[in-house]
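Structure assessment
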Amino acid sequence: MSMMKVNKKVPLTDSALLDARPTDIVIPIMGATGAGKSTFINLLLGHIGSQRARVRVGDQLASCTYDLESVVIEGQTTQGRVRPVNLTEQHRIVIVDTPGFDDTTASDFQILKRIANWLEESFRRNMILGGVIYLHDISQDRFSGTARRNLEMFNSLCGEAALDKVVLVTSKWSRHGGRDFKKRVEELQNVHWKEMLYPPQGGHGARVMQLTPQEVQGRQTLDRQEGASAWLVIHHILSQLDRRLTKKTLDDVLQIQDELVKRRKSIPETKAAKELREQLEAALRIQEEMLALESEAASGDPEAEKKLREKEGQLREMHDAIQQNKLSLWARITRKFRFQWLTGR
């Protein structure tokens, strides 16, 4: 396949893209802020004995991954109990750490643009899509609005055709504190991830794996076990890629790559951007309904008061998906309408 023309509009600052090779295997890691994406990469690097500087890790309330950060791993594609026959030492693994769509410093459209641009450039440079890892924090007590929103955006980026390359990974099992995390996994599989595991149009769906340590004493032992689990996820992706190389079926791409490169759409025309707009429109509709109910509730109408409280609950759920200190476009607009409803201005 000949080299496609590189989009000059996108500034190339990522070393993995600047030094891109057609044998590079790209594995993006996605998920909500605090799911453990950067930690996953550091555990993986520690497991393979890499001396590379680790990626920065934040906490659950603030995102440390502002731009996409890639980590290039060499000499590992022929490691493991099952040696892939089509992968050689020439194949480098490019792990891509991505910000979540609940980032604390950038708008959702900025995040979408950064991820889309990186994936578009990697496709144009003939880098191989090995698979996509989606991390979910299993220690969260409920499937929050943040988790739902990030999952919807993830599906819009990937598309159903690429689901067989997706690995859904549950993290932070060491925080169980006696809670039944296995039951939570069942809920994820039977409800929230069901269509990803069993695509409505048929075909192979995503795979579920987990970073599950045994009961251990000591941080170092825990890191070793989780590091080994992280490598098993990568090894699974490499094994699946090896089968695709054998069958010569490497035409599948992520939906966002197909839209931007093959269909030549702009980012606002993609399904992922449409998903963002629909979420914004839903928030605005709730605000308008609250404004309409305000006068009725003020006059003592109990039914209007009840509906108003329900709308407030819906709005609160949406704000939970952004977090308190979010300054994204979506948050700024909804905050403005909330202020108007409270003040009447």
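Structural data are supplied above this passage.
All values derive from a computational prediction rather than experimental measurement. (Residues numbered from 1 in each chain as written. Predicted model: local features only at pLDDT ≥ 70, side-chain atom pairs only at ≥ 80, totals over all residues. Heavy atoms only, no water.)

What follows is about the pairing of strand S1 (residues 25–31). Counting buried residues along S1, 7 of its 7 residues qualify, which places the element largely inside the surrounding structure. As judged from the 5 bridges shared by S1 and strand S3 (residues 93–97), these two strands associate in the parallel manner. Along S3, the bridge assignment pairs Ile27 with Ile95. Judged from the 2 bridges that link them, S1 and strand S4 (residues 128–129) form a sheet pairing that is parallel. Its bridge partner being in S4, Val26 is matched across the sheet by Leu129. Of the pairings in the sheet, the one linking S1 to strand S5 (residues 132–137) comprises 3 bridges and is parallel in character. (Buried < 20%, exposed > 50% of the residue type's maximum accessible area, 1.4 Å probe, protein only. Helix = DSSP H or I, 4+ residues; strand = E, 2+ residues; numbered from the N terminus. Pairing = 2+ DSSP bridges.)

Before going further, it helps to examine the packing of helix H3 (residues 108–124) against helix H8 (residues 255–262). Interaxial distance between H3 and H8 falls to 9 Å at its minimum, and their mutual angle equals 70°. What the angle tells us is that H3 and H8 run roughly perpendicular. Crossing of H3 over H8 shows right-handed handedness. On the side of H3, the interface is formed by Ala116, Leu119, Glu120, Ser122, Phe123 and Arg124, while H8 contributes Ile256, Gln257, Leu260, Val261 and Lys262. Tallied by class, residues from the contact of H3 with H8 come to 6 nonpolar, 2 polar and 3 charged. (Axes fitted to C-alpha atoms, helices over the stretch in contact; angles between N-to-C directions. Parallel < 35°, antiparallel > 145°, perpendicular 65-115°, else oblique. Left-handed = near helix turned anticlockwise from the far one by under 90°. Contact = heavy atoms within 4.5 Å. Nonpolar A, V, L, I, M, F, W, Y, C, P; charged D, E, K, R; others polar.)

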